[in-house]
Number of protein chains: 2
Amino acid sequence: MSILKRALALGVMATVVGSAGLACENKAAKEFAKSQNSGNLGASASVKQLMAARHLTESDVEAALKTFVPPGKRDEYMIFASGGQSGQILVMGVPSMRLLKVIGVFTPEPWQGYGYGGGSNKVLADGNQGKQAISWADVHHPNLSETNGDYDGQFLFVNDKANGRVAVVDLEDFSTKQIVANPLVGSDHGGAFVDPNTNYVIETSQYPTPLGRDYAPLSAYKDKYRGVAVFWKFDRQKKRIDPSQSFGVELPPYTQDLADAGKLGSDGWAFINSFNTELAIGGTLQGKPPIESGASQNDMDYLHIIDWKKAEALVKAGKAVTIKGMKVLPLAVSGAEGVLTLVGEPKSPHGCDVTPDGTAIVVGGKLDTHATVFEFSKIKQLIADKKYEGKDAYGIPILAFKEAIRGQVEIGLGPLHTVFDDKGNAYTSVFIESKVAKWSLKDMKLIEKLPVHYNIGHIMAAEGDTVSPDGKYVVAMNKMSIDRFTGVGPLYPQNFQLIDITGDKMRLLSDTPIGIGEPHYSQMIKIDKLHPRQTYAAGTNIYTGERDPNAVEGGKERIVRNGTTVDVYMTAIRSHFVPDQIEVNEGDTVNIHITSLETAEDTTHGFTINMHNIDLSLEPGKHENVTFVADTPGVFPMYCTEFCSALHLEMAGYVLVKPKGA
Amino acid sequence: MSILKRALALGVMATVVGSAGLACENKAAKEFAKSQNSGNLGASASVKQLMAARHLTESDVEAALKTFVPPGKRDEYMIFASGGQSGQILVMGVPSMRLLKVIGVFTPEPWQGYGYGGGSNKVLADGNQGKQAISWADVHHPNLSETNGDYDGQFLFVNDKANGRVAVVDLEDFSTKQIVANPLVGSDHGGAFVDPNTNYVIETSQYPTPLGRDYAPLSAYKDKYRGVAVFWKFDRQKKRIDPSQSFGVELPPYTQDLADAGKLGSDGWAFINSFNTELAIGGTLQGKPPIESGASQNDMDYLHIIDWKKAEALVKAGKAVTIKGMKVLPLAVSGAEGVLTLVGEPKSPHGCDVTPDGTAIVVGGKLDTHATVFEFSKIKQLIADKKYEGKDAYGIPILAFKEAIRGQVEIGLGPLHTVFDDKGNAYTSVFIESKVAKWSLKDMKLIEKLPVHYNIGHIMAAEGDTVSPDGKYVVAMNKMSIDRFTGVGPLYPQNFQLIDITGDKMRLLSDTPIGIGEPHYSQMIKIDKLHPRQTYAAGTNIYTGERDPNAVEGGKERIVRNGTTVDVYMTAIRSHFVPDQIEVNEGDTVNIHITSLETAEDTTHGFTINMHNIDLSLEPGKHENVTFVADTPGVFPMYCTEFCSALHLEMAGYVLVKPKGA
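Peer 1: Please provide a residue-by-residue account of the relation of the copies chain B and chain A, values included.
Peer 2: Expressed as a screw transformation, the operator carrying chain B onto chain A has a rotation angle of 180 degrees and an axial translation of 0.0 Å, and the superposed copies differ by an RMSD of 0.0 Å. Taken together, the rotation and translation describe the operation of a two-fold axis.

Following this line, the structure appears as structure tokens:
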């Protein structure tokens, strides 16, 4: 009988009656057993009754009490999870796993007025590449900004695998402030990872293309196709990536995958794994093997080791070439100067994680059964000694696998991603087996395997990839949820499973469906590290962080016509707009400058004009500018889209577009 | 001491020891009290310990055990909530309140491949009005299809307040199949409500415009601006709205608000409330009162009563005029024929709810303190007898308020929306007081008021607006969440509060943040009424429901060139595409026809081509067609965006666009 079972059977009595109550306890236990058999649990609303009514086991009760956040109470941790194909970031609370916010990042998000006429339009437009506007992303790996290897709660970076882009989210207001488009790559994967002081945001290509994406036939794959690791310089003062100070490191066309930056003793280095070092390009229609088999021939792929401080110095010294406006350190330079070194890693890896102490890199091979631990000091020494096993076809030195590792731990089939706790343990997702493997980094021994449901991809732990993991929680990010949730049609949600890691044994606490895109990766930060603002200073343009030059004060609202341009200086306050009647002529260019005069938290207004695809969110103090051409004559109601007061429906007005000749 | 408190203090012992254990019970109780004072809860992992560790009260424990759905277990009910400005529908489980899916409806949703190149593009395009493509919505009131006044679990309808549109979601696969654009209105509000057999989907305008939205100055508001109630004919066989069989009923320019259809004895009738019967149009820049005060002058607004069966007959008899392609029954005809009748209703109403037995309509006035119950039989008799109090300026007959009501119940300031349980009780949201008021419909008496947090807008109950409510759960849909959740910046989530209504007293169970748009309205259906499919038949085009003429069989993949048009017949199966190399010339029109050959549930693939804003979701069996012009030469990886297997990263290929002259 488990401790909990006993406690439940006897209630808390056993813990309070002490030795004087033992006789009673035994009697009660017997009576309880009897009633259990008779199925009679009595009439009072006890825990036992609630359990019976909802068919809860003792384990369920424990999980319920460990995850329930009572009405009005706060969560302990916040998750920032990639929103996968949604293009967004999901913000969730732990342990409740409630979805607190979906941050619009790469995809227009109307609730936030993101991409519907205001200042955010430029953020999204900056992410376009070529002729086609891009209005979505395959968001993969969000990373929180770090100071000295610990989350500082200031910024979040995330990459778009589908279109090779990186976004900057400011955690002051949980909104996206910048998207930078990588001009070199067709897709990225190993991003957006930061170094321990967020000097750089690392973005590594996935599927090789000629750098710059110019045409070259697939027959030129080996010669002309390349990978690249871009180091985007982050300017903390300006709160933006500075492309002019950023650079790329050219890589061989081994399909680069995940990346991580060194920390503490390994700071200044980056590690990237790769698959398809076979250079398979498929050709299924011609009867050739698909990439999935072509890329799985070799037992080893290559872990890429980059000395990014040296790369930075070489770029500064003028050793880079410029491709499509970006400085790129050529492969030949990197190979010769020791910027890039390779070492074998187990087949088809998908996880490259530097340990909290910075001394090791853990790699999981999807077609392997081990967690492989590379020892950074050995790698560094081998490179310093130029002790290579050989060079690849591109002249890049290769270290001997056996000389570079601390060891390997057999954990099961399909290990992917590894996170850490505060007790020297590692937790690795094991995709094919659908398990979380807990193992000791110190002892290099498997401790426990917990089944998850199903096909876990990435895994996260509370601050589990910083220099000081918190332990406490692990979340399994499962790809399949076949029998876990109520049916919602053929497209199934993913399943986040919250796991308590405080005890000797891992304990599965809850399942959370994710029905809004497939999250790939996430981080979990302690709530007290975040200090978001509640309102904005009056008239703030959130993209400059300053008072907008067109901000409007109450009483100074006006409509100014200049030829066929109409500037409307407007305010919003519960529950009306000034002006609430805007009449323009067909063909006019209309600039609406609108300031929320609200100052109290949670007093958001919205602003829309029917049929114009304009939709703004005006949090307290915020200012927005929106321009449209009045090309359709007619009557168009405008209104506040937030239920801001009992008279919110009355917070409305009209835009009238007078037809030509009327 | 509450029953639960006592049960917790004594565990289940009190329920099992019977009279023989009474002495023990008393002793245990005393010991417990002592231990409580000393703070010593003992060492075992009991419920009490879990409570102490997480500062949970007895009430919290009860709430946790009533809401926790253990890993792998299913929810009892499903909520379909409007996604507000997100333009989408939120699907949630009850009692867990977990978000199961966000259904893409009016806004492109890339996870579902909704609006990114496939068949869904046409669904979204059909919702455009005029020159500007509209890519969002202000989703207000989802309604489930009904058969005999009960949810049948087949379809969901929802309206877009911002642009006057209605969408049809098929619950066979939880995807949006149709958007119809209302050519008459600038915005709608009273929709999408269905009659008890889903003959019609009702959509009522909100802010008046000239019907058809043509220009008329605001000075012509009284004469030329109008409201309209559109009855969209739903064809259950075709699973679509049939605009050709739909019609509108012209209404005076009283800002129409919410609507409901009669049921049982009141079937064939519709009820719509209104505000701003004062016809206020603002003019804030000119120093005139804003609409919020102009519209709040009169003590009464008008409940609109529509005999829609008569309207339908008159339209069939040729009494309608056609405006912008839609048949509209003119105001004069409706007034003269008894199709439209008015009756006073309390100031600024926002809730118009027919009782489960169909005998009454409950109205809440936002600036009033009552739930007002109109008696349908009285209304019907007054209309039959043509016993009017007078007529409005448009010749529409008005019934005497006192003769039309059953009575009023004083429930608090700011009543909005009313739902029902299975015991004859009503639950009304009280916005200004932030309360749920429970009152007896039979006794017309207030029973209880429960504080909610904060500013509740709409309210939902388990099947609470059908002919047979389930009781059990109520959800308060609160607009403000000031101090309820961890901060996520100046834009706060809304707060859904789950309330247990099975006991004598309402009991608040949980808070759920909604950080993805402001839901306005929702419905809650028993899980067993839903029968979604898990996969599609091979090659299904989900918009025709049939095998697509371009569906591809395994082994029959091919690339067919015809001049500058290239047709690619493609398949997807774990973990490769056939073909995986597509080479075209700059300027070619490329049609990709892609079929998923998967047959097992939850084996979804995605498909994207870098830089082309193409993104498809290929659930098992699904077929999609996507066309693009190869206008940018270069190398563009394509890949599967779902983590479909251990080799999902290898499920990739290339689109090569050869430059002109190369």
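Text resumes after the structure shown.
Peer 1: Describe the interface of chain B and chain A, naming the residues involved and giving the relevant values.
Peer 2: Across the contact, 194 residues belong to chain B and 194 residues belong to chain A. The contact between chain B and chain A buries some 16,500 Å² in all, and 64% of this surface belongs to carbon and sulfur atoms. Taken together, chain B and chain A are joined by two salt bridges. A salt bridge links Lys366(B) to Glu650(A); its shortest N-O distance comes to 3.4 Å. Applying the counting criterion to the chain B and chain A interface returns 71 residue pairs in polar contact (both at pLDDT 80 or more). Tallied by class, residues from the side of chain B that touches chain A come to 98 nonpolar, 54 polar and 42 charged.

Peer 1: Break down helix H9 (residues 308-316) of chain B for me, with residues and values.
Peer 2: Residues and elements named next belong to chain B. Among all positions in H9, only Trp308, Ala311, Glu312, Leu314 and Val315 are buried. Seen end-on, H9 carries its buried residues on one side only, within an arc spanning 165 degrees. A positive phi of about 85 degrees marks glycine 318, the residue just after H9.

Peer 1: Tell me what's going on with the layout of surface pockets, and back it up with residues and numbers.
Peer 2: Reported here for the largest pocket is a volume of approximately 900 Å³. Taken together, 40 residues make up the lining of the largest pocket; nearest its centre are His612(A), Asn613(A), Gln132(B), Ala133(B) and Ser135(B). Elements that contribute at least two residues to the lining of the largest pocket include exactly helix H6 (120-125) and strand E42 (623-629) of chain A. When the residues that make up the lining of the largest pocket are grouped by side-chain class, the tally is 16 nonpolar, 19 polar and five charged. What lines the second largest pocket is a set of 25 residues, among which Gln132(A), Met611(B), His612(B), Asp631(B) and Thr632(B) lie closest to the centre. Considering each element in turn, the lining of the second largest pocket owes the most residues, four residues, to strand E42 (residues 623-629) of chain B.

Peer 1: How would you sum up unusual backbone geometry? Please name residues and give values.
Peer 2: In the segment running from Val578(A) into Pro579(A), the intervening peptide bond is cis, with an omega of -5 degrees. With respect to the element layout, Pro579(A) can be found in the loop between strand E37 (576-578) and strand E38 (581-585). Backbone geometry at Met444(B) places phi at a positive 55 degrees, although glycine is not the residue there. Take Met444(B): it is sitting in the loop between strand E26 (435-440) and strand E27 (445-451). By relative accessible area, which is 18% here, Met444(B) ends up buried.

Definitions and cut-offs
Residues numbered from 1 in each chain as written. Chains lettered and ligands numbered in written order. Predicted model: local features only at pLDDT ≥ 70, side-chain atom pairs only at ≥ 80, totals over all residues. Heavy atoms only, no water. Least-squares fit on C-alpha atoms with pLDDT ≥ 70 in both. Contact = heavy atoms within 4.5 Å. Buried area = accessible area lost by both parts, 1.4 Å probe. Salt bridge = Lys/Arg side-chain N within 4 Å of Asp/Glu carboxyl O. Polar contact = N/O pair within 3.5 Å; in protein donor to acceptor, adjacent residues only side chain to side chain. Nonpolar A, V, L, I, M, F, W, Y, C, P; charged D, E, K, R; others polar. Buried < 20%, exposed > 50% of the residue type's maximum accessible area, 1.4 Å probe, protein only. Helix = DSSP H or I, 4+ residues; strand = E, 2+ residues; numbered from the N terminus. Arc of directions from axis to C-beta. 1 Å grid on protein atoms, 1.4 Å probe; cavity = no way out; pocket = protein on both sides within 12 Å on 5 of 7 lines; lining within 4 Å. Points joined across faces, edges and corners; volume = space filled by probe spheres on them.

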